[in-house]
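# Residue-level structure breakdown
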Amino acid sequence: MNKILLGCIADDFTGATDLANNLVRSGMRVIQTVGVPTEDLEHDVDAVVIALKSRTIDSVLAIEQSLNALAWLKKVGAHQIYFKYCSTFDSTTQGNIGPVTDELMKALGASFTVVTPAFPDNGRTIFKGHLFVGDLLLSDSSMRHHPLTPMKDSNLVKLMQAQFPRRVGLIDYKIVAKGSQAIKVKISELINEGISAAVVDALNNEDLIQLGEAVKDLSLVTAGSGLAIGLPQNFNLKPSVSQSRLPHYAGQRAILSGSCSEMTLKQVNHFKREGYACYALDPLTLSQRPDYWQEAALWAKQQFKTGADPILIYSTSSPDQVREVQKELSVEKAGSLVEQAMGNLAMALVEMGVGQLLVAGGETSGVCVQSLKVNQLQIGPQIDPGVPWCFTKSPRNLHLALKSGNFGREDFFTYAWSVLDEQNS
Ligand code: ADP
């Protein structure tokens, strides 16, 4: 195996795919692994993205998993480590972004790192340390209703400081606009002031490219997927189309949606309006009858027999409906019941002949990939910013698209398939 240039640790599966997508588009050959690899990599690559499911688990466990990932990446010689979290900084005051960053810094002997969830191509920008989602502050966006990590503040310095034991500072847009040299000087000043992590403003891709150059010598960077566009240049790598070609697809097409994010809700409604076959999975029925998911599997089988394709099974609900369910069951119980059902359904769908599977929701994608026992994903063409088609050959050939809640256009569930069709035409 060749030496890995960039070693990445992502706190969820869709986030890992999003990062891998940006790295591929900026010139790196990338493999995404599900958890810490236990087998050899299937290809020679420049970067490995280890996908964990550590965003909302207990911080002690999240640290343990992240340190295991780091140990593997160090073993294969990674020059730089990239800790990837969500572009909406999904976390609570307990973490896990802060505690994991702190422990990775300790393990790497790093005295400083950057914190930037910015992803301008997807409308996530940072101005004076405040995170915007499109035109709205994070705390005014639909993220304030997230079932697991409701984001009620937009000030990233405050959000990070609340969960990080060292001092947090800011590199604002005025410095960033001056370019990589000015950012480097500011980093030195912050280190002298005893700051260990700095939130970095970024309003556009150029800001991230300048930041990428400025962080070349940091052993650890922490970011959303956006910073990835600025890193391959540090290793003299350039983009090429052939890096994203996937094998031919086969089999039926299905969508599993466990995301309750605003955009997913629109995508589900669009799919329904277009007249495709849809099955609503009710969390309360799941709590009464754990094998209720099998009814959805049976429904899918019948739909395929009648020629329906693609089909959708969803638990996606409005914030009010989610609140009702959570009041009845608790946040954790509702989340885990739906996730478990989605994992079972992913297995059942693939067993009945689905060869192209689209999953909506970060946590939901995590359980689906785990229950499918997928170990490595080859990254293919981009559907929308942050969401590529991927391919796995083990345990069986499957094309997968893992969509983070708020990503993708409104017609994503009908449009995504055309990207594969185009590649294979
Ligand atoms: P996103 O990427 O939009 O954040 P996730 O899959 O990461 O989506 O998170 C959604 C969480 O909400 C999951 O834990 C999922 O099981 C849970 N969930 C899904 N549908 C419902 C529902 N109808 N009521 C309550 N919780 C739900």
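Calculation rules
Residues numbered from 1 in each chain as written. Predicted model: local features only at pLDDT ≥ 70, side-chain atom pairs only at ≥ 80, totals over all residues. Heavy atoms only, no water. 1 Å grid on protein atoms, 1.4 Å probe; cavity = no way out; pocket = protein on both sides within 12 Å on 5 of 7 lines; lining within 4 Å. Points joined across faces, edges and corners; volume = space filled by probe spheres on them. Helix = DSSP H or I, 4+ residues; strand = E, 2+ residues; numbered from the N terminus. Nonpolar A, V, L, I, M, F, W, Y, C, P; charged D, E, K, R; others polar. Domains from an automatic or database assignment. Axes fitted to C-alpha atoms, helices over the stretch in contact; angles between N-to-C directions. Parallel < 35°, antiparallel > 145°, perpendicular 65-115°, else oblique. Contact = heavy atoms within 4.5 Å. Phe/Tyr/Trp six-rings, centres within 6.5 Å; stacked < 30°, edge-to-face > 60°. Buried < 20%, exposed > 50% of the residue type's maximum accessible area, 1.4 Å probe, protein only. Near = heavy atom within 4 Å. Polar contact = N/O pair within 3.5 Å; in protein donor to acceptor, adjacent residues only side chain to side chain. Areas by Shrake-Rupley, 256 points an atom, 1.4 Å probe, with all protein chains shown as cover. Sits in = over half its atoms within 2 Å of the grid points. Buried area = accessible area lost by both parts, 1.4 Å probe. Salt bridge = Lys/Arg side-chain N within 4 Å of Asp/Glu carboxyl O.

### Re empty space enclosed by the protein
Tallied over the entire structure, the rule returns three cavities of 30 Å³ or more. Put simply, the largest cavity is a space of about 50 Å³. Forming the boundary of the largest cavity are Ile31, Glu42, His43, Gln376, Leu377, Gln378, Phe391, Thr392 and Lys393. Secondary structure elements with two or more residues in the lining of the largest cavity: strand S16 (376-384) and strand S17 (387-392). Each residue belonging to the lining of the largest cavity can be placed in one class, and the counts come to three nonpolar, four polar and two charged. Each of domain 1 (6-243) and domain 2 (245-424) gives at least three residues to the lining of the largest cavity. As a volume, the second largest cavity reaches approximately 40 Å³.

### Quick notes on the packing of helix H11 (residues 319-329) against helix H12 (residues 331-351)
One way to put it is that H11 packs onto H12 with a least axis distance of 7 Å and a crossing angle of 105°. By the angle class used here, H11 and H12 are roughly perpendicular. Residues Val325, Gln326 and Leu329 of H11 lie in contact with H12, whose contacting residues are Val331, Lys333, Ala334 and Leu337.

### Considerations on the packing of aromatic side chains
Geometrically, a pair of aromatic rings is defined through the distance of the ring centres and the angle of the planes. For the structure on display, the rule yields nine aromatic pairs. Taking 5.4 Å as the distance between ring centres and 50° as the angle between the ring planes, the aromatic pair formed by tyrosine 279 and tryptophan 299 counts as tilted. Taken as a pair, tyrosine 279 in strand S13 (residues 277-280) and tryptophan 299 in helix H10 (residues 293-305) lie far apart in primary sequence, 20 residues in all. Judged by relative accessible area, which is 16%, tyrosine 279 ranks as buried. An aromatic cluster is present here, built from Phe271, Tyr276, Phe412 and Phe413 joined pairwise through their rings.

### Things to note about the layout of surface pockets
Looking at the largest pocket, its volume works out to about 590 Å³. For the largest pocket, the lining is made up of 37 residues, of which His146, Pro147, Gly258, Ser259 and Cys260 are closest to its centre. Of all the secondary-structure elements, those providing two or more residues to the lining of the largest pocket are H11, H12 and helix H13 (362-371). Broken down by element, the lining of the largest pocket gets its largest block of residues, five residues, from H12. Among the residues making up the lining of the largest pocket, the classes are represented as 12 nonpolar, 18 polar and seven charged. Taken domain by domain, the makeup of the lining of the largest pocket includes at least three residues from each of domain 1 (6-243) and domain 2 (245-424). For the second largest pocket, the calculated volume is near 370 Å³. Every residue lining the second largest pocket is counted, 20 residues in all, and those nearest its centre are Arg55, Thr56, Ile57, Leu148 and Glu332. The biggest single contributor to the lining of the second largest pocket is H12, with five residues. For the lining of the second largest pocket, the class distribution of residues is four nonpolar, 10 polar and six charged. Lining the lining of the second largest pocket are residues from two domains, each supplying at least three of them: domain 1 (6-243) and domain 2 (245-424).

### Some details on the site of the ligand
Around the ligand sit 21 residues in total, of which His146, Ser259, Ser261, Glu339 and Thr364 are the nearest. Here histidine 146 contributes a side-chain N or O atom positioned 2.5 Å from an oxygen atom of the ligand. Between glycine 335 and the ligand, the recorded distance is 2.9 Å, taken from a backbone N or O atom to an oxygen atom. Taking 570 Å² as the accessible area of the ligand by itself, protein coverage stands at 96%. At a threshold of 2 Å from the grid points, most atoms of the ligand map onto the largest pocket. No other element matches the four residues that H12 contributes to the shell around the ligand. Grouping the constituent residues of the shell around the ligand by class yields eight nonpolar, 11 polar and two charged. Residues lining the shell around the ligand come from more than one domain, with at least three contributed by each of domain 1 (6-243) and domain 2 (245-424).

### As for the domain arrangement of the protein chain
Interface size is commonly expressed as the accessible area that is lost once the parts come together. Per the domain assignment, the segments of the protein chain are domain 1 (6-243) and domain 2 (245-424). The straight-line distance from the C-alpha centre of domain 1 to that of domain 2 is 26 Å. Summing both sides of the interface, domain 1 and domain 2 together bury roughly 3000 Å²; the carbon and sulfur share of this comes to 53%. Linking domain 1 with domain 2 are two salt bridges. Salt-bridge contacts for glutamate 339 lead to lysine 53; the nearest nitrogen and oxygen are separated by 3.2 Å. Applying the counting criterion to the domain 1 and domain 2 interface returns 12 residue pairs in polar contact (both at pLDDT 80 or more). Those elements that place two or more of their residues in the side of domain 1 that touches domain 2 are helix H1 (13-25) and strand S2 (30-34). The element best represented in the side of domain 1 that touches domain 2 is H1, accounting for eight residues. The residue makeup of the side of domain 1 that touches domain 2, split by class, is 12 nonpolar, 13 polar and 10 charged.

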